[in-house]
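Working through the structure, step by step
What follows is the residue order along each chain.
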Amino acid sequence: MVVLLEARKINLPKTNLSLSSSSSPKVTSLLYDPNSLSLALMHSNSTISLYPSFSPFSVSSSSHSLPPPQTLIPSPYSASCFLSLNPKPKSNPPNSRTLFVVAGPYGASSTVLLRFYILLKSQKFVKANVNCCQNGLKFDGRMGVNVDVNHGMKVALAGSVNYFAMYSASAAKVLVLGVKMEGDVEDRVNLRLVKCAVVDCCLPISCISISFRYLVLGELNGVRLFPLRMLVRGRVGGGRVKRLAGGENGNLDGGVENVKMVAWNSDLPNGLMKAYRESCVVDKKVSDQLKFKGSDVGDGNIVDGVAGASTNGLLGANIDGHLGSVKPRSLKLRQDSHGGASGMCFVSFSGCMAEGSKSAEATYLCTKAVSIQSLSQHKLLIMDSNGDLHILHLPNSAPAQMEQLTGIMQVRQMAVLPDISSSTQTVWISDGFYSVHVVVVSESENSTTDNKQSSYGVTQAIFARENIQQITPLTANAVLVLGQGNLTC
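Residues numbered from 1 in each chain as written. Predicted model: local features only at pLDDT ≥ 70, side-chain atom pairs only at ≥ 80, totals over all residues. Heavy atoms only, no water.

To continue, consider the overall build of the protein. Secondary structure summary: the protein contains 2 helices and 39 strands in total. Residue burial in the protein is summarised as follows: out of 489 residues, 50% are buried. Counting every atom, the protein has about 23100 Å² of accessible surface; 50% of that belongs to carbon and sulfur. (Helix = DSSP H or I, 4+ residues; strand = E, 2+ residues; numbered from the N terminus. Buried < 20%, exposed > 50% of the residue type's maximum accessible area, 1.4 Å probe, protein only. Areas by Shrake-Rupley, 256 points an atom, 1.4 Å probe, with all protein chains shown as cover.)

To continue, consider the pattern of salt bridges. Summed over the entire model, instances satisfying the criterion amount to 4 salt bridges. Put simply, Lys-173 and Asp-200 hold a salt bridge, and the shortest N to O gap is 2.5 Å. Pair noted here: Lys-173 is in strand 15 (residues 173-181) and Asp-200 is in strand 16 (residues 190-200), with a separation of 27 residues, a long-range link. Put simply, Glu-182 and Arg-192 hold a salt bridge, and the shortest N to O gap is 2.8 Å. Here Glu-182 is found in the loop between strand 15 and strand 16, whereas its partner Arg-192 is found in strand 16, with 10 residues between them in sequence. What makes Glu-182 buried here is its relative accessible area of 17%. Judged by relative accessible area, which is 16%, Arg-192 ranks as buried. (Salt bridge = Lys/Arg side-chain N within 4 Å of Asp/Glu carboxyl O.)

Spatial ordering of the open sheet is given by 29-30-31-32, a layout of 4 strands whose pairing is antiparallel. The open sheet has two free edges, formed respectively by strand 29 (369-376) and strand 32 (401-405), since each of these has just one partner strand. Strand after strand, the sheet turns through a mean of 25 degrees between neighbouring axes, direction not considered. By the bridge criterion, 5 bridges tie strand 30 (residues 379-384) to strand 31 (residues 389-393) in an arrangement that is antiparallel. Bridge pairing in strand 31 places Leu-380 opposite Leu-392. (Pairing = 2+ DSSP bridges. Axes fitted to C-alpha atoms, helices over the stretch in contact; angles between N-to-C directions.)

If you look at the biggest cluster of nonpolar residues, it comprises 29 residues, and the most contacted ones within it are Leu-114, Phe-116, Phe-164, Met-166 and Leu-191. Sorting the residues of this core by element identifies strand 6 (79-85), strand 7 (97-105), strand 8 (111-119), strand 12 (144-150), strand 13 (155-159), strand 14 (163-168), strand 15 and strand 16 as the ones contributing at least two each. (Core = buried A, V, L, I, M, F, W, Y, C linked by side-chain atoms within 4.5 Å.)

In this section: the side chain of His-393. Inspection of the secondary structure puts His-393 in strand 31. A polar contact of 2.8 Å, which involves the side chain of His-393, links it to the side chain of Glu-403. Excluding its chain neighbours within four sequence positions, the residues that come into contact with His-393 are His-378, Lys-379, Ala-400, Gln-401, Glu-403, Lys-452 and Ser-454. (Polar contact = N/O pair within 3.5 Å; in protein donor to acceptor, adjacent residues only side chain to side chain. Contact = heavy atoms within 4.5 Å.)

Moving on, we come to the packing of aromatic side chains. One pass over the full model with this rule turns up 2 aromatic pairs. Relative to Phe-100, the ring of Phe-82 lies with its centre 4.9 Å away and its plane at 55 degrees, an arrangement referred to as tilted. Of the two residues, Phe-82 sits in strand 6 while Phe-100 sits in strand 7, which places them 18 residues apart along the sequence. For Phe-82, a relative accessible area of 11% puts it in the buried group. (Phe/Tyr/Trp six-rings, centres within 6.5 Å; stacked < 30°, edge-to-face > 60°.)

Distances and angles like these do not, on their own, reveal function.
Here is the structure:
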């Protein structure tokens, strides 16, 4: 059988923000949003070019070059992501909007600056105004949103629908933030930003991702899962934490934290509450019953708790009325929190190992997840630092299961276009040199609820003339390849 392939070379544009008149910044990476067909090119001088409605077939046939970008985001930037805003998730796609979020250092300070660019109906990205009223979030009309978190050497972003996550390695925190459009969604660009949850990290994180149902943290020897619904609605285990009065400085250092008051399933609005003179111990397993010790510790300062769906200012709440003075609060968790009722868990790569294989166990203990992407609503594809691929199965009524894809080359880059409507998924992989391979993944006929298995195979191989820097899928049968100064589709 003969398979016809078509390739098109696209010359990258030269920006006007080059460091000197004789040199132009190179494109170091790219992001593509399949919902709005928007393309973001990251340059070596920390600027970003945005192209709405990008198509390789709309590029000029004479010059084969991208035109100058409609929107050029000035430096600096450390991380970025696309985000889909859908005020009514069950409505038709025309109601959704695309948001581009950029993170970077805030001036000369050590905090993080978030800038928001929304795609208008006229197919143009413009800077959006943001309303935020929580502690640690402050909007600067000229700059953006100042997040009171240390920027440090590494900041990462991961976007989904209406929510995105930000990780700061220096602050050892993961923030889950929600975004909602205010006013007339047809022509207004005002946004409301809400800090939904904060995860205090005690272990190194190599990558983050938000799938259809989970916040996923890449760690050594596996990944950690936090149910997204729990994070944005403040439900942990069997109860809802409304307020949490903190111990000394509100720190979460160590495995156990002394706190002064916890109100479960309280009907009071999330404003000021009186701290009772009693103490309890919150163990790492947050779904455990609270253990009251009965010692007097006095009144303490209110620290971040959590607002339920009625007062979190995001999930259809009306905080402009009698609750107007109430600030939404965010859920606070430890990275190593776990509990079967809440759904938080750690899934290791060792589930793929042969039992009793000490050499394999030693290899996985120093292996970390470096890339996490969604295959479908119930599957995640994970690439580890050894170049191996793993599928994490997330069934509704069974524990998560990890499966390794064997017999595949050492992978250095992978790209997936999630498809929940198809029983098979297409994965693009590369060895980081001159070849791109197409892998088709589907569920095996021998797969059961207790033992998930996948069938997969390489169907095509594509060779490039230039060293491959990055691959990004455009559709199920088209991929964008970033080479040395050129794009190839």
